[in-house]
Amino acid sequence: MATRNGRLFTWPDFSQGIDHEGATDLTTVTSPPSRLLAAENAIWRGGGLERRLGTALINDPQSPNRVTGGIRFYRGATAETLVSAGSQLFSYNSDHSIRTSLLTGLTTDLPTFFTPYRTGVTDDVIRVYIANGTDAPRVAAGNPATISTFAPTNLPANVRQFIAHQDRLFAYAGDNSLYVRWCPSLTPEGTWTTLVQAI
């Protein structure tokens, strides 16, 4: 069970697995289905959904839309926060006092996933891979971050999410979350697998 905005939710049965397409806002759920909703910024622990550890509140009255994704990460001792809101990507400095617009023209209000991935042994080669299932995948690199289109050979143009695991970066497409592709070891700019591998 979980409490959000004063409402209690129980999931006695999620025998049908995780629903990646359903509502992620628990306040809109009136009757839990037999599948667990994929809720951003939440973890399942102790029989209930809780706020994900390490989340932060950004109070920015100038932000044009609700936040649909974000990540706070470090390059050495320097922290940076990347956020998607409306049709834009922003960066915030370490204390969230300065906002910089990095990219405009994205499809409005899509859930956006940010995945950090280190391609070497030093902190300054950490890049953040960005996907929303509709727009072209992006990569944030540099300090401060700059955004560019990420389009290596054989990577689908509609990546929904990147997942970093050990020495590889994985991706699944927005049209079918049951299929994944992956990059060569520590080389996301290389040629991705041509065979679509079913999980």
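## Some thoughts on the nonpolar core
In this structure, Leu82, Leu89, Phe114, Val128, Ile130 and Ala140 are the most contacted members of the largest nonpolar core, which totals 13 residues. Elements supplying a minimum of two residues to this core: strand S7 (67–75) and strand S12 (126–131). Top contributing element to this core by residue count: S12, with three residues. Beyond its immediate sequence surroundings of up to four residues, valine 128 is in contact with Ile71, Phe73, Leu82, Phe114, Thr115, Pro116, Arg138, Val139 and Ala140. Ranked by size, the runner-up nonpolar core spans 12 residues in total, among them Tyr117, Tyr129, Phe150 and Phe162.

## Things to note about the sheet that holds S12
Pairing within the open sheet is antiparallel, and its four strands lie in the order S11-S12-S13-S14. At either end of the open sheet lies a strand with only one pairing partner, and these are strand S11 (113–118) and strand S14 (146–149). Taken pair by pair, the neighbouring strands of this sheet meet at an average axis angle of 30 degrees, ignoring direction. For S12 and strand S13 (residues 138–141), the ladder comprises three bridges, and the chain directions are antiparallel. Looking at the pairing, isoleucine 130 lines up with arginine 138 of S13.

## Points about unusual backbone geometry
Here the phi dihedral of aspartate 109 falls at roughly 60 degrees; this positive angle occurs in a residue that is not glycine. Assignment of secondary structure puts aspartate 109 in the loop between strand S10 (99–103) and S11. Accessibility expressed as a relative area gives 28% for aspartate 109, which makes it partly exposed.

## Points about the side chain of aspartate 135
Residue placement: aspartate 135 occurs in the loop between S12 and S13. The buried charged residue aspartate 135 lacks any salt bridge, with arginine 138 as its nearest oppositely charged partner at 5.8 Å. Within the structure, aspartate 135 has its side chain in polar contact with the backbone nitrogen of threonine 107 (distance 2.9 Å). A polar side-chain atom of aspartate 135 sits 2.8 Å from a polar atom in the side chain of asparagine 132. Those residues in contact with aspartate 135, other than ones at most four positions away along the chain, are Leu106, Thr107, Leu110 and Ala157.

## A short note on the confidence of the model for the protein
Per-residue pLDDT for the protein averages 75, and the proportion of residues at 70 or more is 60%. Least confident of the elements in the protein is strand S1 (residues 2–4), whose mean pLDDT is 43; most confident is S14, at 94.

## Digging into the packing of aromatic side chains
Taken as a whole and assessed by the stated rule, the structure comprises seven aromatic pairs. Ring geometry for tyrosine 129 and phenylalanine 150: centres 4.9 Å apart, planes at 65 degrees, overall edge-to-face. Placement of tyrosine 129 in strand S12 and of phenylalanine 150 in the loop between S14 and strand S15 (159–165) is noted, with a sequence separation of 21 residues between them. Exposure remark for phenylalanine 150: the relative accessible area of 5% places this residue in the buried category. Plain terms: the ring middles of phenylalanine 150 and tryptophan 192 are 6.4 Å apart, the flat faces sit at 70 degrees to each other, and that makes the pair edge-to-face. With phenylalanine 150 in the loop between S14 and S15 and tryptophan 192 in the loop between strand S17 (176–182) and strand S18 (197–198), this pair connects stretches of sequence that are 42 residues apart. Side by side, phenylalanine 150 and tryptophan 192 carry an identical accessibility label, which is buried.

## Focus: the pairing of strand S8 (residues 78–85)
In terms of residue burial, S8 counts as a mostly covered element, since seven of its eight residues are buried. Sheet analysis places S7 next to S8, joined by eight bridges and oriented antiparallel. Paired with isoleucine 71 across the bridge in S8 is leucine 82. Note: S8 against strand S9 (residues 88–92), five bridges, orientation antiparallel. What sits directly across from threonine 81, in S9, is tyrosine 92. In this antiparallel pair of consecutive strands, S8 and S9, the connection spans two residues, and glycine 86 shows a positive phi of 60 degrees.

Definitions and limits used
Residues numbered from 1 in each chain as written. Predicted model: local features only at pLDDT ≥ 70, side-chain atom pairs only at ≥ 80, totals over all residues. Heavy atoms only, no water. Core = buried A, V, L, I, M, F, W, Y, C linked by side-chain atoms within 4.5 Å. Buried < 20%, exposed > 50% of the residue type's maximum accessible area, 1.4 Å probe, protein only. Helix = DSSP H or I, 4+ residues; strand = E, 2+ residues; numbered from the N terminus. Contact = heavy atoms within 4.5 Å. Pairing = 2+ DSSP bridges. Axes fitted to C-alpha atoms, helices over the stretch in contact; angles between N-to-C directions. Lys, Arg positive; Asp, Glu negative; His and termini not counted. Salt bridge = Lys/Arg side-chain N within 4 Å of Asp/Glu carboxyl O. Polar contact = N/O pair within 3.5 Å; in protein donor to acceptor, adjacent residues only side chain to side chain. pLDDT = per-residue confidence, 0-100. Phe/Tyr/Trp six-rings, centres within 6.5 Å; stacked < 30°, edge-to-face > 60°.

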